[in-house]
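Results of the structural survey
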Amino acid sequence: MRHVLILITVLFSFSLIACSSSPKTTPKIVNGVMDLTDWTFEHDGIVNLRGDVEFYWQQLLEPTDFIIEHPPEKTGLIEIPHSWNGYKVADESLPGSGYATHRFKILLNDYDIPVAFYMPEFETSYILYVNGEAIGTNGIVGKTTETTVPEWKPLVANVVCKNKELEVILQIANFHHRKGGAGQLIQFGTENQIRQIRENDLMFDFFLFGSLFIMGLYHFGLFALRREDKSPLYFGMICFVIALRLVVSGNYYINHFFPDLTWQWLVRLDYLSFYLAPPILCQFLYFLFPQECSRLIVRLIQLMGILFVSVVLLTSVQIFTYTVISYQIITITIGLYCIYILVLATYYKREGGFVFLLGFLILFTAMINDLLYNNQIIYTGYMGPFGLFIFIFSQAFLLSSRFSSAFFGVAKLSKELEISNDQLIILDKLKDEFLANTSHELRTPLNGIIGIAESMVDGATGTLTHEQIFNLLMVVSSGRRLSNLVNDILDFSKMQHKNLILQMKPIDIYQLTEVVLTLSKPLIGNKSLHLSNNIAPSTPSILADENRLQQIMHNLIGNAIKFTESGQVTISAAIQKPSSQLPSSYLQITISDTGMGIPADKLETVFQSFQQIDASASRVHGGTGLGLTITKQLVELHGGDISVESTLGRGSQFHFTIPISDVPLQSEKREVGQVSMPDKQSGAVEKLHPYSAQVVNQIRHAVQPVVDISSPDLEENKGFKVLAVDDEPINIQVLSNYLSLHNFTIAQAYDGFEALEAVEDFKPDLVLLDVMMPKMSGYETCRKIRQTHPAHELPIIMLTAKNQIADLVAGFKAGANDYLTKPFAKDELLSRVNIHLRLAKIHHAYGRFVPDEYLQFLQKESIIDVNLGDHVAKEMAVMFSDIRSFTTISQTMTPQENFDFVNAYLRKVSPTIRDNHGFIVKYLGDGMMAIFPNGADDAIKAGIAKLKQVEKYN
């Protein structure tokens, strides 16, 4: 591409050199006569009318004025194309204003061919006569300003030749422009030649205009999409300014679209398009090469541009047209400065510097040519459109190259980013797994610490002293604090990954606040602090996740209690009606305290992660700084917002909004939870130490209050066997301590293989199964157990630190009945164990009346899944059997002996039926009815086996 631009530059330079010199054979007007008798238009082309013509100053002469006996005396000869400004008449230079007549003759070698004149614009009105006939006019020619109407409109004037001599008379009047006279080149040739030139000019100008307009729109669009780079904006402005200049100068196409446009505004637009171009070009150059451009010089150029544009807009044509010479000099200076900048950019190998320099050199050369031609120093014609086309082409190529480079850079970065994203996804998964595994590793020892300590407090290892109980409760308190920290981190991680799912339902905010305040009272300790619920019982219900709303309230009320030594913590609520900002009704809940307050510089960061009011090493109040962050995100997940107001030393008010529910609450009332230690234990502590009961109560409930759940009768648990499976001995000990206190029989297994053996040997009623174990995970162990023991026969409760939804789903898919997250509360564990054991016991009792095989036929897991009308049609073999002469035999025995005899008999013969794929469906005293789904062969085999067992029994 660089070589192509160099070639274009060389060709353009040669074209300028060729145009700067007239052909040797081209005739000129000499003493008012142009001799074309040796000129053939078809072979030699058109003629540019140059030379000396008769000049009649301050006279508007018509053709009839030259056929009289004494024609008017000419003022002299004047060169065309040239304005009359500075022409000497009686040793005085003529001004631009005035009127005059130009006259010359053209001698032809033939008059049969149709010819035409291609007339440019003259300053500022004219009439063209040829052989006595007016064939072209622009504006109205007059002798005063009032009678003269200026107009700029190039035209083609056709001539009907009647002889070989053409008399050309040109009347020109100017009272509105700084220049007057025939300052532009007139072209003469055949009609076809002149029409072809006109059409070529039209096609090229419209092509250039359309190209510039589309380029301008395209680069405006680029800027709109990426506003950081302003170079497309200024390049688009350059395109629009040059496109404007094309239609307001030269052929003045704007007159065709706006015929009512006045000549004065046409001239203004012409000058404005010229005066705006250099400042915009410099600004464009500055954004492309900021290292080489001086910001001060660019600003100065912009100020000069604004000054000259203001003169054009605020003054008349006769005044501002005199500024063009000064601005042309400034433009040449600006062009030289731009070349200097581009040479530097090329030297320093800036991207696009060389391309820009070549394009600008062509434009600058064309600009110098047009300035010289406009000031009638040379007569090459306007080269500006060609220079502009090449310059715009080079800049479009430059910007396209820059955007292409940027595109390839973006594509490369996108590929790298994609690779990085893939790596980040892998790392994110590894992080999630690490976090889950780490939480498991944290929760496992925590569960052991809390469980062992609580079981010792409850008397698992015998009677303890009050100091031992006090210290153990401190261990429990510290463990629960650490457990809550792990939960906060996991909640924070869930919300960061947007996978926290809310279970929305209508909530009674008054009752929930009562519960939270009741559970928060132990946090007060020895403080002189009052908790007040000012929410009215009639407050509308809100739509929220009850557990998460409690978490929000616990965090805010807990913080208020923590930072308030005395006074009160008040919870209130107010309804916010719908508005343009809030399309739905919301309830604003406010937690106010009379505590230490928050400094003004901390209010904006109080909800940020890991931020604390006092983060110094000597701070009084601990914490991770996650509580308020989690609270804010939970509120926003509910569709509300949260804010804080505070005065240092006077207290704080936290406000958060929750949407009001459209669904009414259920009618049943909820009880406020009662929080207490077991009376027996509290009393024991009080007897040992007069003030330790309050302290111990505070420690026990400091993080997570313990709710006492009444246990079932311990005697009922003696018959139940529980298998505890965990690879951590401390966890096994915790489970043993908890369950042995409630009369359960415990078996222990430390991995999946031991668990499978214990299931067959120990035959437990329930399995407590850890998920993460070596060799065989809890999921795989559960699946293997389920191959032989259905869920209704042997309940399995998973125990793990993983509490994500995917983990829960995986556990249930493996066949677990329930899922308990470590560290769990003792009462929750016992409650779930009791529930599943009772369900299994109920199912076993139903199984005595409805065989499991029936349930299998119905494809049901449990008797409770069977509905009225459920049935299956199947062909089976039926076998009836009883004891021969049982009536006679039974009469010789007592009822107890009869009962024992029948049971002993059935224990011997019943297995033979199951061994042959049958099952007993009915007992008929000494007889039975059995069915065989696979046919009579199994029934016959069972009958034979049964007879053999009877013989052995006899």
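Let me sum up the structure you'll find in this document. (Residues numbered from 1 in each chain as written. Predicted model: local features only at pLDDT ≥ 70, side-chain atom pairs only at ≥ 80, totals over all residues. Heavy atoms only, no water.)

Observations concerning the packing of helix 7 (residues 295-314) against helix 9 (residues 324-347)
- Following both chains from N to C, one finds helix 7 and helix 9 inclined at 160°, their axes separated by 12 Å at the closest point. In this view, helix 7 runs roughly antiparallel relative to helix 9, as classed from their interaxial angle. Here the hand of the crossing between helix 7 and helix 9 comes out left-handed. Counting all contacts with helix 7, which are made through Ile297, Ile301, Met304, Gly305 and Phe308, the residues of helix 9 involved are Ser326, Tyr327, Ile330, Ile334 and Tyr337. (Axes fitted to C-alpha atoms, helices over the stretch in contact; angles between N-to-C directions. Helix = DSSP H or I, 4+ residues; strand = E, 2+ residues; numbered from the N terminus. Parallel < 35°, antiparallel > 145°, perpendicular 65-115°, else oblique. Left-handed = near helix turned anticlockwise from the far one by under 90°. Contact = heavy atoms within 4.5 Å.)

Details of the sheet that holds strand 3 (residues 47-49)
- A sheet is described by the order of its strands in space; here four strands give the open sequence 3-16-10-13, paired in antiparallel fashion. Because the sheet does not close on itself, it has two edges, and the strands there are strand 3 and strand 13 (155-159). With direction set aside, neighbouring strand axes in the sheet form an average angle of 25°.
- Bridging between strand 10 (residues 115-119) and strand 16 (residues 186-190) involves four bridges; their strand directions are antiparallel. Pairing of phenylalanine 117 across the sheet is with phenylalanine 188, part of strand 16.
- Those strands touched by helix 3 (residues 191-225) are strand 10, strand 13 and strand 16, and its axis lies near 125° from that of strand 16. (Pairing = 2+ DSSP bridges.)

Regarding helix 18 (residues 729-740)
- In this model helix 18 runs 16 Å from its N-terminal to its C-terminal C-alpha over twelve residues, within 8% of the 16 Å that 1.5 Å per residue would give.
- Considered for burial, the residues of helix 18 that qualify are Asn731, Ile732, Val734, Leu735, Ser736, Asn737, Tyr738 and Leu739. (Expected span 1.5 Å × (residues − 1). Buried < 20%, exposed > 50% of the residue type's maximum accessible area, 1.4 Å probe, protein only.)

Observations regarding the pairing of strand 26 (residues 766-770)
- Most of strand 26 is tucked away: five of the five residues are buried.
- Of the two faces of strand 26, the one lined by Leu766, Leu768 and Asp770 and the one lined by Val767 and Leu769 are each fully buried.
- Relative to strand 26, strand 24 (residues 721-725) is paired through four bridges, and the arrangement is parallel. Bridge assignment links valine 722 to a residue of strand 26, and that residue is leucine 766.
- Pairing analysis gives four bridges linking strand 26 to strand 27 (residues 796-800), with the strands arranged parallel. Residue pairing across strands places leucine 769 opposite methionine 798, the latter belonging to strand 27.

Describing the nonpolar core
- Of all hydrophobic cores here, the largest spans 58 residues; its most connected members are Leu212, Tyr275, Phe284, Leu285, Phe356, Phe360 and Ile392.
- Of all the elements in the fold, those that place two or more residues in this core are helix 3, helix 4 (231-248), helix 6 (263-288), helix 7, helix 8 (317-320), helix 9, helix 10 (353-374) and helix 11 (384-457).
- Residue contacts for phenylalanine 360: discarding those within four places in its chain leaves Leu281, Gly335, Cys338, Ile339, Leu342 and Phe391.
- Judged by nonpolar contacts, the second largest core, of 37 residues, contains Val53, Ile78, Leu166 and Ile172. (Core = buried A, V, L, I, M, F, W, Y, C linked by side-chain atoms within 4.5 Å.)

Quick look at the packing of helix 19 (residues 752-762) against helix 20 (residues 778-786)
- Contact geometry of helix 19 with helix 20 gives a least axis separation of 10 Å together with a crossing angle of 25°. In terms of orientation, helix 19 and helix 20 fall into the roughly parallel class. As for how helix 19 packs across helix 20, the hand of that crossing is right-handed. Along its contact with helix 19, which presents Gly752, Ala755, Leu756 and Val759, the element helix 20 presents Thr781, Lys784 and Ile785.
- Among the residues making up the contact of helix 19 with helix 20, the classes are represented as four nonpolar, two polar and one charged. (Nonpolar A, V, L, I, M, F, W, Y, C, P; charged D, E, K, R; others polar.)

Points about a nonpolar patch on the surface
- Together, Leu424, Ile426, Leu427 and Leu430 make up a nonpolar patch on the protein surface, roughly 390 Å² of accessible area in all.
- Mapped onto the elements of the fold, isoleucine 426 is located in helix 11. (Patch = residues over 30% accessible without salt bridge, like charges linked within 9 Å, V, L, I, M, F, W, Y side chains within 5 Å. Areas by Shrake-Rupley, 256 points an atom, 1.4 Å probe, with all protein chains shown as cover. Salt bridge = Lys/Arg side-chain N within 4 Å of Asp/Glu carboxyl O.)

Let's talk about the packing of aromatic side chains
- If you walk through the whole model with that rule in mind, you get 26 aromatic pairs.
- The interplanar angle of 45° and the centroid separation of 6.5 Å between the aromatic rings of phenylalanine 55 and tryptophan 84 together place this pair among those described as tilted. Here tryptophan 84 lies in the loop between strand 6 (82-83) and strand 7 (88-89) and phenylalanine 55 lies in strand 4 (residues 51-57), a separation of 29 residues in the sequence. Residues phenylalanine 55 and tryptophan 84 agree in their burial class; the two are buried.
- Both rings, one in phenylalanine 209 and one in phenylalanine 213, keep their centres 6.1 Å apart while their planes meet at 20°; by these two values the pair is stacked. Of this pair, phenylalanine 209 and phenylalanine 213 both sit in helix 3, four residues apart, which is roughly one turn of that helix.
- Chaining the aromatic ring pairs together yields one cluster made of Tyr271, Phe274, Tyr275, Phe308, Phe320 and Tyr327.
- In this arrangement the basic side chain of arginine 103 is found over the ring face of phenylalanine 66, its NZ or CZ atom lying 4.4 Å from the centre.
- Seen from the ring of phenylalanine 762, lysine 721 lies directly overhead, with NZ or CZ sitting 5.0 Å from the centre. (Phe/Tyr/Trp six-rings, centres within 6.5 Å; stacked < 30°, edge-to-face > 60°. Lys NZ or Arg CZ within 6 Å of the ring centre and 35° of its normal.)

Some thoughts on unusual backbone geometry
- Note that the residue after isoleucine 80, namely proline 81, is joined by a cis bond; omega there is -5°.
- Here proline 81 shows up in the loop between strand 5 (76-80) and strand 6.
- Cis geometry is adopted by the peptide bond preceding threonine 124, which originates at glutamate 123 and carries an omega value of -5°.
- Along the chain, the position of threonine 124 falls in the loop between strand 10 and strand 11 (125-130).

Structural notes on the pairing of strand 30 (residues 919-924)
- Summarising the sheet, strand 30 and strand 31 (residues 927-932) pair through five bridges and their orientation is antiparallel. Each residue of the ladder has a partner; that of phenylalanine 919, found in strand 31, is isoleucine 931.
- Taken together, strand 30 and the strand that follows it, strand 31, pair antiparallel across an intervening segment of two residues, in which glycine 925 is found at a positive phi of about 70°.

Brief notes about helix 20
- Considered for burial, the residues of helix 20 that qualify are Gly778, Tyr779, Thr781, Cys782, Ile785 and Arg786. Buried residues of helix 20 fall within an arc of 165° about the axis and therefore sit on the same side. (Arc of directions from axis to C-beta.)

Observations regarding the environment of tyrosine 738
- One can find tyrosine 738 in helix 18.
- The spatial distance from the C-alpha of tyrosine 738 to the C-alpha of leucine 829 is 8.7 Å, given a sequence separation of 91 residues.
- In contact with tyrosine 738, not counting residues within four places along its chain, are Ile450, Gly451, Glu454, Ser455, Phe824, Lys826, Leu829 and Leu830.

Regarding the side chain of aspartate 751
- Tracing the backbone shows aspartate 751 in the loop between strand 25 (745-749) and helix 19.
- We classify aspartate 751 as buried; its relative accessible area is 11%.
- Engagement of the side chain of aspartate 751 in a polar contact is seen with the backbone nitrogen of glutamate 754, the distance being 2.8 Å.
- Not counting the four nearest positions on each side in its chain, aspartate 751 is found in contact with Val725, Met773, Pro774 and Lys775. (Polar contact = N/O pair within 3.5 Å; in protein donor to acceptor, adjacent residues only side chain to side chain.)

Points about the side chain of threonine 781
- Counting through the fold element by element, threonine 781 comes out in helix 20.
- Take threonine 781: its relative accessible area is 0%, and that puts it in the buried class.
- Within polar-contact distance, the side chain of threonine 781 engages the backbone oxygen of serine 777 at 2.9 Å.
- When sequence neighbours within four positions are dropped, the list of residues in contact with threonine 781 reads Gly752, Ala755, Leu756, Leu769, Met773 and Met776.

Considerations on the pattern of salt bridges
- Tallied over the entire structure, the rule returns eleven salt bridges.
- Here lysine 105 and glutamate 165 are joined by a salt bridge, their closest N and O atoms 3.5 Å apart. Here the residue lysine 105 occupies a position in strand 9 (residues 98-108), and glutamate 165 occupies one in strand 14 (residues 165-174), the gap between them amounting to 60 residues.
- Overall, the relative accessible area of 25% leaves lysine 105 in the partly exposed class.
- With relative accessibility at 34%, the residue glutamate 165 sits in the partly exposed group.
- Across the pair glutamate 828 and arginine 832 runs a salt bridge whose closest N-O atoms are separated by 2.8 Å. Taken as a pair, glutamate 828 and arginine 832 lie in helix 22 (residues 826-847) at a separation of four residues, close to a single helical turn.

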